[in-house]
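# Architecture and fold: a report
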Amino acid sequence: MRVSADLGLCQGHQMCQGEAPDVFGFDDATDRVVVLDEHPDESRRRDVKAAVQYCPAMALALEEE
């Protein structure tokens, strides 16, 4: 799986960090999400999927490779 973030859509809610803090970080200077692990381990799928699903701005995507 591959995780991506559309920084143009991100509104800085940081919900993704609550679901998968080892995959999503936050840049205070830009007030935007930072993808810390673009290819997280399969064991993280559930949390990453929740982060994508609950992003209020729909700025995150989970793609199959």
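Details of the structure are given in the entry above.
Residues numbered from 1 in each chain as written. Predicted model: local features only at pLDDT ≥ 70, side-chain atom pairs only at ≥ 80, totals over all residues. Heavy atoms only, no water.

Take the pattern of salt bridges next. Applying the stated criterion across every chain, the model contains six salt bridges. A salt bridge links arginine 2 to glutamate 63, with the shortest nitrogen-to-oxygen separation between them at 3.2 Å. Note that arginine 2 is positioned in strand S1 (residues 2-5) and glutamate 63 in strand S4 (residues 60-63), a separation of 61 residues in sequence. A salt bridge links arginine 44 to aspartate 47; the nearest nitrogen and oxygen atoms lie 2.5 Å apart. A cluster of three or more residues bridged by salt bridges with shared partners is formed by Arg2, Glu38 and Glu63. (Salt bridge = Lys/Arg side-chain N within 4 Å of Asp/Glu carboxyl O. Helix = DSSP H or I, 4+ residues; strand = E, 2+ residues; numbered from the N terminus.)

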